[in-house]
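# Structural overview
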Amino acid sequence: MPQLPAPDYPADVRARLETDAEAIIGRYPDSRSALLPMLHLVQSEEGHVTRTGMRFCAEMLDLTTAEVTAVATFYTMYRRGPSGDYQVGVCTNTLCAVMGGDAIFDELKEHLGVGSGGSGMTTADGKITLEHIECNAACDFAPVVMVNWEFFDNQTPESARRLVDDLRAGRTVEPTRGAPLCTFKDTARILAGFPDERPGAVEAGGGAGPASLVGLRLARGEAAHPRVVHPRGAAPADEAPAEHLSSHDAPQQTSASDPSHPAGPVAGGSGDSEDSKNARDSRDSGDSRDSKEGE
């Protein structure tokens, strides 16, 4: 059945949005280039991109609603239906998945009571929307959970469950790195290009982990780290364990996605199989012979 034309915003809301929209459009030489931040703007009003929001963007940018809809439905950061105050995204791409991301997602789905019986992925109280997300470019902190696009590193099912419980209870939650957490609507307004005026938000930062920086160190001529990936639960004797800035981080084993084949050292041994020991001994012997022949 054909849809009726989208209703307009109430007069006071439209007047406020028009002021913001004009500020956004003024940043670009061609008004249609403002569409992406405009979509974030209307998303900040209702928590998702409504038909009314797309109509507003079309009118302000002299586009057709079809052109706006094509963009709004292409990018996953634009929500097409009501969602929670906190978008909890679990990375289930390859590395995070095998490090425990699948187990985290399944645990949160059951714990929050979402995603079954046609209930959708948003909790009944409207606080949390759970979703799969693709790679967050934070593989050295896998498995990673993001809340409104802020990082929570090295998660386990237990730490992720504690995280969502704190969010629903209104307790303060600090990301591992990056700006302090805010609601999804507030995040959308920041993505529209408006200043984040919260104290300390702009100054907050974070950095890549050791594994991400190896290539940069080599390019600078610096010595490579003796081992990039440490056995789980252990750190080199000359290196302190990485600092975890968030109380919701979980610096512990996270291989729960495949309990039958856990990663890391096997119990009661060094973690090396007999085959790998033999291969290493053979390699070392060959290196020794080569060295002698070259003398």
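Refer to the preceding data block for the structure.
Described below are features of the structure shown in this document. Residue positions are given per chain, counted from 1 along the sequence in the order it is written. This being a predicted model, a pLDDT of at least 70 is required before a residue's local features are given, and a value of 80 or more before pairs of side-chain atoms are given or counted; all residues contribute to the totals for chains, interfaces and linings. Side-chain numbers here rest on the full set of heavy atoms in the structure, without hydrogens or water.

So, about the pairing of strand 2 (residues 128-133). The side chains of a regular strand alternate, residue by residue, between the two faces of the sheet. Whether a residue is buried, partly exposed or exposed follows from its accessible area with a 1.4 Å probe, protein chains only, as a fraction of its type maximum: under 20%, in between, or over 50%, in that order. A run of H or I in DSSP counts as a helix once it spans at least four residues, and a run of E counts as a strand once it spans at least two, with each numbered from the N terminus. A large share of strand 2 lies buried, amounting to five of its six residues. We call two strands paired when DSSP finds no fewer than two bridges between them. Relative to strand 2, strand 1 (residues 86-91) is paired through six bridges, and the arrangement is parallel. Bridged to C91 within strand 2 is I133.

By nonpolar core we mean a set of buried residues, namely Ala, Val, Leu, Ile, Met, Phe, Trp, Tyr and Cys, connected to one another through side-chain atoms within 4.5 Å. Formed by 24 residues in total, the largest nonpolar core has its most connected members in M38, L39, L41 and V68. Of all the secondary-structure elements, those providing two or more residues to this core are helix 1 (11-25), helix 2 (35-46), helix 3 (51-61) and helix 4 (65-72). The criterion used for residue contact is that any of the two residues' heavy atoms lie within 4.5 Å. With residues near it in sequence (within four places) discarded, M38 still touches A21, I24, F56, C57, M60 and L61.

Using only the protein atoms, space was sampled on a 1 Å grid; points where a 1.4 Å probe fits but cannot get out form cavities, open sets with protein on both sides within 12 Å along at least five of seven lines form pockets, and lining residues are those with an atom within 4 Å of a point. Grid points are joined across faces, edges and corners, and a volume is the space filled by probe spheres set on the points. A volume near 200 Å³ is recorded for the second largest pocket. Lining the second largest pocket are 16 residues, with K185, D186, R189, I190 and P195 sitting closest to its centre. When contributions to the lining of the second largest pocket are tallied by element, the ones reaching two or more residues are helix 1, helix 2 and helix 7 (184-191).

In this chain, A142 is followed by P143 through a cis amide linkage whose omega measures -5 degrees. Tracing the backbone through its elements, the reader meets P143 in the loop between strand 2 and strand 3 (145-147). Residues other than glycine seldom take positive phi values, yet D62 does so here, at roughly 55 degrees. Topologically, D62 is positioned in the loop between helix 3 and helix 4. Residue W149 is not a glycine yet carries a positive backbone phi of 75 degrees. Here W149 is to be found in the loop between strand 3 and strand 4 (150-152).

The buried count for strand 1 comes to six of six residues, which makes it a mostly enclosed element. The side-chain alternation of strand 1 yields two buried faces, one formed by Y86, V88 and V90 and the other by Q87, G89 and C91. Where strand 1 lies against strand 3, three bridges are found, and the strand directions are antiparallel. Considered in strand 3, the bridge of V90 is made with V145.

Quick look at empty space enclosed by the protein now. For the coordinates displayed, the defined rule picks out one cavity of 30 Å³ or more. By volume, the largest cavity amounts to about 30 Å³. As for the largest cavity, its lining consists of R79, Q87, G89, E131, I133, M146, N148 and W149. Counting residues per element, the ones that place at least two in the lining of the largest cavity are strand 1 and strand 2. By the convention adopted, Pro, Cys, Tyr, Trp, Phe, Met, Ile, Leu, Val and Ala count as nonpolar, Lys, Arg, Asp and Glu as charged, and the other residues, Gly among them, as polar. When its residues are assigned to classes, the lining of the largest cavity shows three nonpolar, three polar and two charged.

Nothing here speaks to function; it is all geometry.
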